[in-house]
Amino acid sequence: MADTDAIEAIMGRQVRHAPCMVCGNADHDVLWTKDQFQYVRCSGCRSVRVDPQLLMSEVARIYSIGYRNKQGLQPASQTASPYHKGLLKQMSPYRQAGCILDVGCFTGKFLSAAKEAGWRPYGLEISTEAVEYARNRLDLDVRQETLLLTTLESGTFDAITMFDVVEHFQEPLLNLKAAAQLLRPNGLLYIETPNFSSLARHLLGKDWSVFFPWHFYYFTARTIGHVLERAGFRVVKIQAVDLGPLSRFNAMRGIENGGSISEQNIAKRLKNRGFVNAHPGPFRAAYHFARDIENISFKGMSRLGIHLGGKLVVWAERI
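## Remarks on the overall build of the chain
Here comes step 1: Each helix and strand counted, the chain has 11 helices and 14 strands in total.
Here comes step 2: Scored against the burial criterion, the 319 residues of the chain give a buried share of 50%.
Here comes step 3: Taking all contacts inside the chain whose residues are at least 6 apart in sequence as the whole, residues at least 24 apart take part in 69%.
Here comes step 4: As displayed, the chain has an accessible area near 14900 Å², and 51% of this comes from carbon and sulfur atoms.

Following this line, the structure appears as structure tokens:
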């Protein structure tokens, strides 16, 4: 979506209206208004989007604030997390040439884990600060490019990952088609994205913390499957996992008030108050035990077609 034509302003930031960029339909139903932005459901493909949408020049400024708010100014751990190690192990059957691409890789934590596991990692990221950190501090091949304008070679990658990224695409169908072009035939696309049908969304409604205007699109298991099929993928598995952030944190209000756009979850708050440092072993064990029990339940429901977890996890292959 170009940053031109019919530009308006909301809360001092430039915006413009656009039809659904999944199916092209301009008709929609308004679900609610939050911070002067409407959240609408497409009458055609049923995907949910923000209307109007921030110009990408506005989003770039917000991302710069987000970098400073998050781990960008802190030393990034170069030790692979158990979660990343386990995920990369699950991806190993797709490994042929060994090239993996993380879209929206931020400072490159997952790419560092992939490198440690023997993959040849590449990253795309639009935050200038994050790209410089990944290149200069972690010696990673991270490019300040988008999927639609990348210089990477088509058919190169065995796997592409998108952690909390697809909701940031103003043109999700075109971006997913671009990802398909970068993958070899039968290559893997792995996606994590908020689940619009989650229990957390039903409980918190429009106040759920994932609703802010630089998240452009929101998907259910059905609608993410639909757009992936249109983009040239076959869906292997979709699960809804994790309870998700049970938070009413408002990132837009935070940024307007000159504060943080990064919410502090319970685990981070306990860590900041010294609880985790005082009891690292018991806390970590209890936390992971609770998460495991929670996800057994959510994964079981997903197998029955009931997707209530806060996060959609999607495995898809390029056709």
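## Looking at the sheet that holds strand E13 (residues 233–241)
Here comes step 1: What the seven strands build is an open sheet, ordered E9-E8-E7-E10-E11-E14-E13; its pairing is mixed. With one partner strand each, in any of the chains shown, strand E9 (141–143) and E13 form the two edges of the open sheet. Across this sheet, the average inter-strand angle for adjacent strands is 15°, counted without regard to direction.
Here comes step 2: When strand E11 (residues 183–194) meets strand E14 (residues 311–318), the two strands line up antiparallel, connected through seven bridges.

## Quick notes on the pattern of salt bridges
Here comes step 1: Following the criterion strictly, the structure yields 10 salt bridges and no others.
Here comes step 2: The partner of Glu58 in a salt bridge is Arg13, and the shortest N-O contact between them spans 3.3 Å. On the criterion of sequence distance, the pair formed by Glu58 in helix H1 (residues 56–69) and Arg13 in strand E2 (residues 13–16) is long-range, its members being 45 residues apart.
Here comes step 3: Residue classification places Glu58 among the buried positions, given a relative accessible area of 5%.
Here comes step 4: With a relative accessible area of 15%, Arg13 lands in the buried category.

## A few points about the sheet that holds E2
Here comes step 1: The three strands are arranged E1-E2-E6 in an open sheet whose pairing can be described as antiparallel. The open sheet terminates on both sides in strands that have one partner only, identified here as strand E1 (8–10) and strand E6 (53–54).
Here comes step 2: Here E2 runs beside E6; their pairing, made up of two bridges, is antiparallel. Note that in E6 the partner of Val15 across the bridge is Leu54.

## Regarding the packing of aromatic side chains
Here comes step 1: Using the criterion set out here, one finds 14 aromatic pairs in the structure.
Here comes step 2: Both rings, one in Trp32 and one in Phe211, keep their centres 5.1 Å apart while their planes meet at 70°; by these two values the pair is edge-to-face. Taken together, the residues span a long stretch of sequence, with Trp32 in strand E3 (residues 28–34) and Phe211 in the loop between helix H6 (199–204) and strand E12 (217–218) at a distance of 179 residues.
Here comes step 3: For the ring pair Tyr190 and Trp315, a centre distance of 5.2 Å and an interplane angle of 80° mean the geometry is edge-to-face. Placement of the pair is Tyr190 in strand E11 and Trp315 in strand E14, with a sequence separation of 125 residues. Across the pair, exposure class does not vary: Tyr190 and Trp315 are buried alike.
Here comes step 4: What links up through ring pairs into an aromatic cluster is the set Trp32, Tyr39, Phe196, Trp208, Phe211 and Tyr218.
Here comes step 5: The ring of Trp119 is capped by Arg95, whose NZ or CZ atom sits 5.3 Å from the centre of that ring.
Here comes step 6: Against the face of Phe196 rests Arg201, its NZ or CZ located 4.1 Å from the ring centre.

## Observations concerning the environment of Val236
Here comes step 1: Topologically, Val236 is positioned in strand E13.
Here comes step 2: Linking Val236 and Val314, residues 78 residues apart in sequence, is a C-alpha distance of 7.7 Å.
Here comes step 3: Apart from the residues lying within four places of it in its own chain, the contact partners of Val236 are Tyr94, Trp315, Ala316 and Glu317.

About the cut-offs
Residues numbered from 1 in each chain as written. Predicted model: local features only at pLDDT ≥ 70, side-chain atom pairs only at ≥ 80, totals over all residues. Heavy atoms only, no water. Helix = DSSP H or I, 4+ residues; strand = E, 2+ residues; numbered from the N terminus. Buried < 20%, exposed > 50% of the residue type's maximum accessible area, 1.4 Å probe, protein only. Contact = heavy atoms within 4.5 Å. Areas by Shrake-Rupley, 256 points an atom, 1.4 Å probe, with all protein chains shown as cover. Pairing = 2+ DSSP bridges. Axes fitted to C-alpha atoms, helices over the stretch in contact; angles between N-to-C directions. Salt bridge = Lys/Arg side-chain N within 4 Å of Asp/Glu carboxyl O. Phe/Tyr/Trp six-rings, centres within 6.5 Å; stacked < 30°, edge-to-face > 60°. Lys NZ or Arg CZ within 6 Å of the ring centre and 35° of its normal.

All we've got here are geometric facts, nothing functional implied.
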